[in-house]
Amino acid sequence: MAKKSKDYFGLDGLVSLILAIIPVTSWICGALTRFQEKKYVAALIRLFCGWNIIWILDIVFMVTQKKICRILDM
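All of the points below concern the structure found in this document. Quick caveat: nothing in here was measured; it's all calculated off a predicted structure.

## Some thoughts on unusual backbone geometry
Outside of glycine, negative phi angles account for most residues, and trans bonds account for most peptide bonds. Unusually for a residue other than glycine, Lys38 sits at a positive phi of about 65°. Inspection of the secondary structure assignment puts Lys38 in the loop between helix H2 (23-36) and helix H3 (40-49). Here Lys38 falls in the exposed class, since its relative accessible area comes to 60%.

Put into structure tokens, the structure is as follows:
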């Protein structure tokens, strides 16, 4: 059985990786994940800046740790 990912709504790791690779879905799912965790400042930063370096970091973190990059924890 595949290991469940902690992010992107508890989806399978491969599905989460595919969602992280696609820029638009990574941007939306990352922001929704942070809103779901009640980290509103981090979610707003993802909405406004999530299309650049955060997107690349999300891909790297999904491959290595199966979770999105968490730069800001507030």
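## Some thoughts on the side chain of Arg34
With respect to the helices, strands and loops of the structure, Arg34 is situated in helix H2. There is a polar contact of 2.7 Å between the side chain of Arg34 and the side chain of Glu37. Dropping the residues within four chain positions of it, Arg34 is found in contact with Lys39, Ala42, Ala43, Arg46, Ile68, Arg70, Leu72 and Asp73.

## Structural notes on a nonpolar patch on the surface
On the surface, a nonpolar cluster with roughly 1100 Å² of combined accessible area is contributed by Phe9, Leu11, Leu14, Val15, Ile18, Ile21, Ile22, Val24, Trp27, Ile28, Leu32 and Trp51. Among the secondary structure elements, those contributing two or more residues to the nonpolar patch are helix H1 (13-21) and H2. By the element assignment, Trp27 lies in helix H2.

## Some remarks on the packing of aromatic side chains
All told, the structure shown has 1 aromatic pair when counted by the stated rule. Seen from their ring centres, Phe35 and Tyr40 are 6.0 Å apart, and the 50° between their planes marks the pair as tilted. Taking the relative accessible area as the measure of exposure, Tyr40 reaches 47% and is therefore partly exposed.

## Here's the deal with the pattern of salt bridges
Pairs can form between side chains of opposite charge once their charged atoms are near each other. Applying the stated criterion to the full structure yields 3 salt bridges. Here Arg34 ties to Glu37 by a salt bridge, and the two come within 2.7 Å at their closest N and O atoms. With relative accessibility at 1%, the residue Arg34 sits in the buried group.

## Some remarks on the packing of H1 against helix H4 (residues 53-65)
Think of two packed helices as two axes; the pair is described by the angle between the axes and how far apart they sit. Close contact between H1 and H4 brings their axes to 9 Å; oriented N to C, the two are set at 165°. The angle between H1 and H4 falls in the class roughly antiparallel. When you trace H1 past H4, the crossing you get is left-handed. Across the interface between the two elements, Ser16, Leu17, Ala20 and Ile21 from H1 touch Trp55, Ile59, Met62 and Val63 from H4. Classifying every residue of the contact of H1 with H4 gives 7 nonpolar, 1 polar and no charged.

Rules behind the numbers
Residues numbered from 1 in each chain as written. Predicted model: local features only at pLDDT ≥ 70, side-chain atom pairs only at ≥ 80, totals over all residues. Heavy atoms only, no water. Helix = DSSP H or I, 4+ residues; strand = E, 2+ residues; numbered from the N terminus. Buried < 20%, exposed > 50% of the residue type's maximum accessible area, 1.4 Å probe, protein only. Polar contact = N/O pair within 3.5 Å; in protein donor to acceptor, adjacent residues only side chain to side chain. Contact = heavy atoms within 4.5 Å. Patch = residues over 30% accessible without salt bridge, like charges linked within 9 Å, V, L, I, M, F, W, Y side chains within 5 Å. Areas by Shrake-Rupley, 256 points an atom, 1.4 Å probe, with all protein chains shown as cover. Salt bridge = Lys/Arg side-chain N within 4 Å of Asp/Glu carboxyl O. Phe/Tyr/Trp six-rings, centres within 6.5 Å; stacked < 30°, edge-to-face > 60°. Axes fitted to C-alpha atoms, helices over the stretch in contact; angles between N-to-C directions. Parallel < 35°, antiparallel > 145°, perpendicular 65-115°, else oblique. Left-handed = near helix turned anticlockwise from the far one by under 90°. Nonpolar A, V, L, I, M, F, W, Y, C, P; charged D, E, K, R; others polar.

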